[in-house]
Each structure stands twice: as C-alpha cells, then as structure tokens.
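# Coordinate inspection notes
Chain by chain, the residues run as shown.
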Amino acid sequence: MNLSHWFTEEVAATGTAFSLKITQKLHEEHSDFQHLEIYDTQTFGKLMTIDGCTMVSTRDNFFYHEMMSHPALFLHPNPKRVWIIGGGDCGTLREVLKHPNVEQVVQIDIDERVTRLAEVYFPELCESNKDPRAQLKFIDGIKWVKDALPNSVDLIIVDSTDPVGPAEGLFGERFYRDCVACLSDDGLLVQQSESALLHLKLIGEMREAMKKSGFSHLQTLFFPQCIYPSGWWSATIASKAALTFRQQDCEAKTFDTLYYNADIHHAATAQPEFFKKAFA
Ligand code: SAM
C-alpha cells in the first residue's frame, strides 16, 4: 500500500507531536501485547512503532542504543553478566556484545513479535543475535527479575516502552527492590527515563523509588534521540556502590560507535541547571 503522507505520533499529555514523511506501510499486526507497525520513510529508513509510539528508525537508533549500553558498561568495573529487559529490536543487545569482557547477555522481552519483525525490517540491529553469549527470552521482565537469585547479574538495562501497559511495572519501587536484590554489590541498573524536558516529574518519581529501593548512587544521562518526544532523551543509572568511569578502557575501545566516546560520556553526565535544582 503506497501512502505518500506523514506518520505522526501525537502526545496529548505533552501537547507535542512528531512526524516522519512515509512512502509505504510495510506491516501491521496486533501481537498478544501490542499494536506493531512498520513503515518505510522518505529520509529515516524503516520505522517501527508500538501502540502508535515511535520505537526505532534505521537512521537515528544509534544515539539511543549506544547511550543505553556503553556509559553503563564503562562505569562498571568489569561487567560480565548483563540482562536487557525489553530491547526487542535487538539494537542494545548488539552494542552490549561489542564489549569483549561481557560473557553473557540475556534479553528478556515480553513480546516475541517485536524481535521477529526486527529480524525482517532491521536486520542490521539483529546481526549479533547468534553470538554464543546471547540468549533471547520472551517473557515478562518484571517476573524474570522477581524470580532471580541474589548476585546473579552485574548490569540490568531496562530498554522498555513508556511506563504504560506491560512496561508500567518496570518504573516502580517493587521492581527496583527486586533489581537491588539480584544485582552484585558493584552492579548497576540503567533505565530509559524519558525526556527531562517533558517528563521531569516522572524522572523524579523514578529517582525517588530507586533511592527507596536501596540504590544509593543515581546518575541521569542526557542525549539526543530525534524520533522520541522533544528529541532530547535520558537514561538513569542507579547503583549500590560509587562508580568510576573506566576512561582509559573507553579510549582504548576497539569497536566502532557513531556517537558514543569518552567526550560524549562526560557531556552526557553533565547535569543541566534546571535538573540540578530539581534534584539537588
Ligand atoms: N527504544 C524504545 C523506547 O525507548 O521506547 C524501546 C524499544 S524496545 C522495542 C521496547 C520493548 O519493551 C518492546 O519490545 C516491548 O515488548 C518491551 N516490553 C514492554 N514491557 C515489558 C515487560 N514487562 N517485560 C519485557 N519487555 C517489555
């Protein structure tokens, strides 16, 4: 079906909208959990949306996938065991597997159909799925973490949809307590934390719940992400121990990135004035 018009994500709560000129709708389905659509766009390659929200585009996903993985991996002293909660498009998985010291990555996405569609329409994001260190599971990440044993993971990456529907429970104190319980003492959680411009209250609630759950150190990172509301996104890192950026390891990295490097790491951890004042 050829459609020469625009895909628009309207967000009533923030009075914002984002559009991409599309040439074709390539796929649409209702999985057991979500409404999934794939478009071909005029300038951003393929676009996947979930429940009408932009998720991933060919052109700009690198900002998000690199910033959801590398800062946290270089803040952990020696990350070997990584879980990705969500991440069904597999872009974060690909970035994590670029780290040679990582020994095991388990990706737990509730909706297998997201990954099966990514394999067809975003094969470049799925190029590491057959890495022997990778395991893909299709269950609820909330239950996975709840049932986990103590000290069973070094880094938990929550690469989920917005805090609604199946992802809602990933943004609350009960989930964070379960994360604290299964993370190693020097372990850390990194979670996509929406836009500091549009969702400051939510970020405050997340940070409060993380602190109440037993995370003593919090750091919110800021980075661009064109197709998400406001185009300015964030990830919040929570840990039980103080973290030191392995700058030398980062500068000596042997793998390619398009956005992330040591300078970007420092820039992303710089706190905007309004943010400092909100959470001083
Ligand atoms: N980059 C996107 C963003 O920031 O909105 C997220 C991309 S990824 C496609 C989001 C994934 O979270 C989806 O594949 C969805 O199935 C998954 N998800 C939502 N709730 C979940 C849950 N409770 N457990 C596991 N995966 C979940």
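For the structure, see preceding data.
The rules behind each value
Each residue is numbered by its place in its chain's sequence as written, counting from 1. Confidence filtering applies because this is a predicted model: local features only for residues at pLDDT of at least 70, side-chain atom pairs given and counted only at 80 or more, and all residues used for totals across whole chains, interfaces and linings. Computation of side-chain values: all heavy atoms of the structure, hydrogens and water removed. Runs of E in the DSSP output that reach at least two residues are strands. Runs of H or I that reach at least four are helices, and both are numbered from the N terminus. As a reference, a globule follows 2.2 Å times the number of residues to the power 0.38, and the radius of gyration itself is taken over C-alpha atoms. In this tally Asp and Glu are treated as negative and Lys and Arg as positive; neither His nor the chain ends contributes. For charged residues, the charge sits on one atom: NZ in Lys, CZ in Arg, CG in Asp, CD in Glu. We treat two strands as partners when DSSP finds at least two bridges between them. To obtain each axis, a line is fitted to C-alpha atoms, and for helices this fit is confined to the stretch in contact; angles are then taken between N-to-C directions over 0 to 180 degrees. We call two N or O atoms a polar contact when they sit within 3.5 Å, provided that within protein one can donate a hydrogen and the other can accept it, with sequence-adjacent residues counted only if both atoms are side-chain atoms. Two residues qualify as a contact provided that any one of their heavy atoms is within 4.5 Å of a heavy atom in the partner residue. Consider each residue's heavy atoms; a residue with any of them within 4 Å of a molecule or strand counts as near. Accessible surface area values rest on a Shrake-Rupley calculation with a 1.4 Å probe, where residue burial reflects the displayed protein chains alone. Using a 1 Å grid laid over the protein atoms alone, points where a 1.4 Å probe fits but cannot get out form a cavity; open sets with protein on both sides within 12 Å along at least 5 of 7 lines form a pocket; any residue with an atom within 4 Å of a point counts as lining. Whether a molecule sits in a cavity or pocket is decided by its atoms, more than half of which must lie within 2 Å of the grid points. Here the nonpolar group is Ala, Val, Leu, Ile, Met, Phe, Trp, Tyr, Cys and Pro; Asp, Glu, Lys and Arg are the charged ones; every other residue, Gly included, is treated as polar. Domain start and stop positions are those given by an automatic or database domain assignment. By nonpolar core we mean a set of buried residues, namely Ala, Val, Leu, Ile, Met, Phe, Trp, Tyr and Cys, connected to one another through side-chain atoms within 4.5 Å. In this scheme, a residue with accessible area under 20% of its type's maximum is buried, one over 50% is exposed, and one in between is partly exposed, where area comes from a 1.4 Å probe on protein chains only.

This next bit is on the overall build of the protein chain. Secondary structure assignment for the protein chain yields 10 helices and 12 strands. A compact globule built from 280 residues would reach a C-alpha radius of gyration of about 19 Å, and the protein chain, at 18 Å, matches this within 12%. Here the protein chain carries 26 positive and 38 negative side-chain charges, and the mean point of each set is 4 Å from the other.

Turning to the sheet that holds strand E7 (residues 104–108), a few remarks are in order. Judged by pairing direction, the sheet is mixed, and its seven strands sit side by side in the order E8-E7-E6-E9-E10-E12-E11 without closing on themselves. Of all the strands in the sheet, just strand E8 (134–137) and strand E11 (217–224) have a single pairing partner and so form its edges. Put simply, the sheet's adjacent strands are angled 15 degrees from each other on average, direction ignored. In terms of strand pairing, E7 meets E8 through four bridges, oriented parallel. Within the sheet, the bridge partner assigned to Ile-108 lies in E8 and is Lys-137.

All right, on to the side chain of Glu-95 then. Tracing the chain through its elements places Glu-95 in helix H3 (residues 91–96). Reaching out from Glu-95, the side chain makes a polar contact with the side chain of His-70 at a distance of 2.7 Å. Apart from residues no more than four positions distant in its own chain, Glu-95 is found in contact with His-65, Glu-66, Ser-69 and His-70.

Near the ligand, the surroundings consist of 24 residues, among which Asp-109, Asp-140, Gly-141, Pro-166 and Tyr-228 are the closest. In the model, a nitrogen atom of the ligand is placed 3.1 Å from a nitrogen or oxygen of the Ile-110 main chain. Here Gly-141 contributes a backbone N or O atom positioned 2.8 Å from a nitrogen atom of the ligand. Notes on the ligand: free accessible area 600 Å², of which the protein chains cover 99%. One can see that the ligand is located within the largest pocket. Along the lines of polarity and charge, the residues of the shell around the ligand split into 11 nonpolar, eight polar and five charged. Each of two domains, domain 1 (6–57) and domain 2 (61–275), supplies a minimum of three residues to the shell around the ligand.

Before going further, it helps to spend a moment on the nonpolar core. The biggest cluster of nonpolar side chains holds 42 residues, and the ones touching the most others in it are Val-82, Val-96, Val-105, Leu-155 and Ile-157. Counting contributing residues, this core receives three or more from each of domain 1 (6–57) and domain 2 (61–275). Apart from the residues within four sequence positions on either side, Val-105 is in contact with Val-82, Ile-84, Leu-93, Val-96, Leu-97, Arg-133, Ala-134 and Gln-135. In this structure, Trp-83, Leu-170, Phe-175 and Phe-215 belong to the second largest nonpolar core, which totals 24 residues.

Let us look at unusual backbone geometry. Phi angles above zero are rare outside glycine, and Asp-51 is one such case at about 50 degrees. Tracing the chain through its elements places Asp-51 in the loop between strand E4 (46–50) and strand E5 (53–57). Taking the relative accessible area as the measure of exposure, Asp-51 reaches 46% and is therefore partly exposed. For Glu-194, which is not glycine, the phi torsion reads 60 degrees and is therefore positive.

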